[in-house]
Amino acid sequence: MILYGNDGYEKDQRSQEEVELIKRYLADRKLEVSEFGQSTEGFSWAIVVSNRQRNRISTNTLEKRLWECWQQACGIEAVKA
C-alpha cells in the first residue's frame, strides 16, 4: 500500500507531524514502513507500507486514519461520523 500527501512536507511542520503520527499508527499495527520519500521540491511525500504479517486492515481504514492524523497535526478535533 502507498500513503501520500501533497501538503508542503518540507516546510510545513503540520505535514511532518502527520507523517510521524501515521508512522506510529502503522508500527502499532505491525505494518512496516518499507520506504519513505519526498518529491524533489519537498512538497509531496509518500510512504510504502509492507504488510508481511498479513494483518487485516482495509485501505479505507488507512485513508481515514491518515485524515485523522492530519486533523490532529492541525489541532482540529476529529469529526465523529
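Since the model is a prediction, treat every value here as computed from it, not as a measurement. (Residues numbered from 1 in each chain as written. Predicted model: local features only at pLDDT ≥ 70, side-chain atom pairs only at ≥ 80, totals over all residues. Heavy atoms only, no water.)

Peer 1: Help me understand the overall build of the chain, please; the structure alone is not making it clear to me.
Peer 2: Secondary structure assignment for the chain yields 2 helices and 3 strands. Ordered by position in the sequence, the α and β elements of the chain form the string β-α-β-β-α. Whereas a compact globule of 81 residues would reach a radius of gyration of roughly 12 Å, the chain reaches 13 Å, a difference of no more than 12%. Residue burial in the chain is summarised as follows: out of 81 residues, 33% are buried. Look at the contacts in the chain between residues 6 or more apart in sequence, and 60% of them connect residues 24 or more apart. Here the chain has roughly 5700 Å² of accessible surface; of this, 48% comes from carbon and sulfur atoms. Here the chain carries 12 positive and 13 negative side-chain charges, and the mean point of each set is 8 Å from the other. (Helix = DSSP H or I, 4+ residues; strand = E, 2+ residues; numbered from the N terminus. Rg over C-alpha atoms; globule rule 2.2 N^0.38 Å. Buried < 20%, exposed > 50% of the residue type's maximum accessible area, 1.4 Å probe, protein only. Contact = heavy atoms within 4.5 Å. Areas by Shrake-Rupley, 256 points an atom, 1.4 Å probe, with all protein chains shown as cover. Lys, Arg positive; Asp, Glu negative; His and termini not counted. Charge placed at Lys NZ, Arg CZ, Asp CG, Glu CD.)

Peer 1: I keep staring at the nonpolar core and nothing clicks. Help me out?
Peer 2: Counting 14 residues, the largest nonpolar core has Leu 3, Ile 22, Leu 26, Trp 45, Ile 47 and Val 49 as its most contacted members. Elements with a minimum of two residues in this core: α1 (13-28), β3 (44-50) and α2 (59-73). Among the elements that take part in this core, α1 stands out by supplying 5 residues, more than any other. (Core = buried A, V, L, I, M, F, W, Y, C linked by side-chain atoms within 4.5 Å.)

Peer 1: Quick question: what am I supposed to make of the pattern of salt bridges here?
Peer 2: Two side chains of opposite charge can pair, provided their charged atoms sit close to one another. Inspection of every chain in the model, using the stated rule, returns 3 salt bridges. Between Lys 64 and Glu 68 there is a salt bridge, and its shortest N-O distance comes to 3.1 Å. Of this pair, Lys 64 and Glu 68 both sit in helix α2, 4 residues apart, which is roughly one turn of the helix. For Lys 64, a relative accessible area of 55% corresponds to the exposed category. Connected through shared salt-bridge partners, Lys 64, Arg 65 and Glu 68 make up one network. (Salt bridge = Lys/Arg side-chain N within 4 Å of Asp/Glu carboxyl O.)

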